[in-house]
Amino acid sequence: MLTLVHGSDLHFGKPFRPEAARAFKRAVDGLSPDLLVLSGDFTQRAKVREYQEAREYLQGFRGLPLVVTPGNHDVPLYRVWERLLAPLRNYREYISEQLDTVTRVSGATVVALNSTAPHRAIVNGRIRDRQLRFAARAFMGSPEGDARVVVAHHHLAPAPDYESDQVMPGFRRCLDAFTEMKVDVILGGHLHRGYIGSSLDVYPGEDRGHGIVIAHSGTTSSRRGRARERLKNTFNLVRIGVEHMEITHHMYFEDMDGFVPFSSHVFPRREMRFLRTGPLLGEPGPGRGDKP
Ligand SMILES: [Fe+2]
Ligand SMILES: [Fe+2]
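Below or above, wherever it landed, is the structure these notes cover.

Calculation notes
Residues numbered from 1 in each chain as written. Chains lettered and ligands numbered in written order. Predicted model: local features only at pLDDT ≥ 70, side-chain atom pairs only at ≥ 80, totals over all residues. Heavy atoms only, no water. Donors = N, O, S within 2.8 Å, 3.2 Å for Na, K, Ca; no water. Tetrahedral: all angles 85-135°; square planar, octahedral: opposite > 155°, others 65-115°. Helix = DSSP H or I, 4+ residues; strand = E, 2+ residues; numbered from the N terminus. Pairing = 2+ DSSP bridges. Axes fitted to C-alpha atoms, helices over the stretch in contact; angles between N-to-C directions. Contact = heavy atoms within 4.5 Å. Buried < 20%, exposed > 50% of the residue type's maximum accessible area, 1.4 Å probe, protein only.

1. Considerations on the coordination of the iron ion (ligand 2)
Inference 1: Every protein donor of the iron ion (ligand 2) is accounted for by Asp41 (OD), Asn72 (OD1), His153 (NE2) and His190 (ND1), and the metal-donor separations fall at 2.1 to 2.3 Å.
Inference 2: One can describe the site at the iron ion (ligand 2) as irregular: its 4 donor atoms subtend angles covering 89 to 162 degrees at the metal.
Inference 3: Here the donor residues of the iron ion (ligand 2) share one chain and are spaced in sequence as D-x30-N-x80-H-x36-H.
Inference 4: Between the two metals, the iron ion (ligand 2) and the iron ion (ligand 1), the spacing is 3.4 Å, and Asp41 donates to both. With Asn72 in the loop between β3 (66-68) and α3 (80-85) and His190 in the loop between β7 (185-188) and β8 (195-198), this pair connects stretches of sequence that are 118 residues apart.

Written as structure tokens, this is what we have:
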């Protein structure tokens, strides 16, 4: 069973909530995942000071494989010349020199794609064709049965509510390509509220038998939570087994000063057509065990 923790939108700067960040660190230590994924918006305004604080925080996770990707807030919005000429200069200096990355751990290949588009689509982002080819090449070399994970800041599924947040332009093209690559799960952020579902909710495409699981994390450590997660902080715990994948949405409760499991979602792995165990993993499914 591969375990990864997926948080997002830390937003060091004005909206940052240190108590949630401290609780997240404790939660990750307690869960001891194989991998930590942080899907962008490390800062609020892409300032050096914010990046320094973010880097210091990330250093606390030393020893744990870490996958990062930039978000739109990691690009300076108001420092226009910097945005035009070197939009991710500070991100590359303080968080990661590489923008599109491949991380291989035992049981998974994780491809992180930089979905920021500082010049023409700062809010909604883009994934370009060359990045889809980069992902396809990375997955081509991944062992049979390994989980195939894509990370991108911007959302390939709309917000799960009626507030307006347009999905990334070109999302159908991306979902078609990721389906072709047999991607298991896409992890993102940006919307500041969680969503755990299937690409089939959004776009059936050519293969209705095999949706890709899509999981957005809310903001893990800022006051910028939106809609049902207004002023809340969340992350997702992803467990990938041979036959199924379980994603548990965790939420921070102030009175407990900690993150606790909030809801759990189970999906069959790509090769499986249905779940062979009941809704609570480990329990017999209908008609296959003792009466309840
Ligand atoms: Fe954000
Ligand atoms: Fe964002």
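2. Observations concerning the sheet that holds strand β9 (residues 213-216)
Pairing between the strands of a sheet comes from backbone hydrogen bonds, and it takes one of two forms, parallel or antiparallel.
Inference 1: Taking strand neighbours across the sheet as the criterion, the 6 strands line up as β4-β5-β6-β7-β9-β8 in an open arrangement whose pairing is mixed. Single-partner strands in this sheet number two, and they are β4 (101-105) and β8. Mean inter-strand twist for the sheet, computed between neighbouring axes without regard to direction, equals 15 degrees.
Inference 2: Set on the sheet, helix α5 (residues 129-140) makes contact with β4, β5 (108-113) and β6 (147-152); between it and β5 the angle comes to about 170 degrees.

3. Some remarks on the side chain of His11
Inference 1: Counting through the fold element by element, His11 comes out in the loop between β1 (2-7) and α1 (18-31).
Inference 2: With a relative accessible area of 0%, His11 lands in the buried category.
Inference 3: Among all residues touching His11, those that are not within four sequence positions of it are Phe16, Asp41, Phe42, Thr43, Gln44, His73, His192, Thr219, Ser222 and Arg224.

4. Re the coordination of the iron ion (ligand 1)
Inference 1: Donor atoms from the polypeptide that bind the iron ion (ligand 1) are Asp9 (OD), His11 (NE2), Asp41 (OD) and His192 (NE2), placed at 2.0 to 2.2 Å.
Inference 2: Its 4 donor atoms give the iron ion (ligand 1) angles of 89 to 164 degrees at the centre, a pattern that matches the irregular case.
Inference 3: Going along the chain, you hit the donors of the iron ion (ligand 1) in the pattern D-x1-H-x29-D-x150-H.
Inference 4: With a relative accessible area of 1%, Asp41 lands in the buried category.

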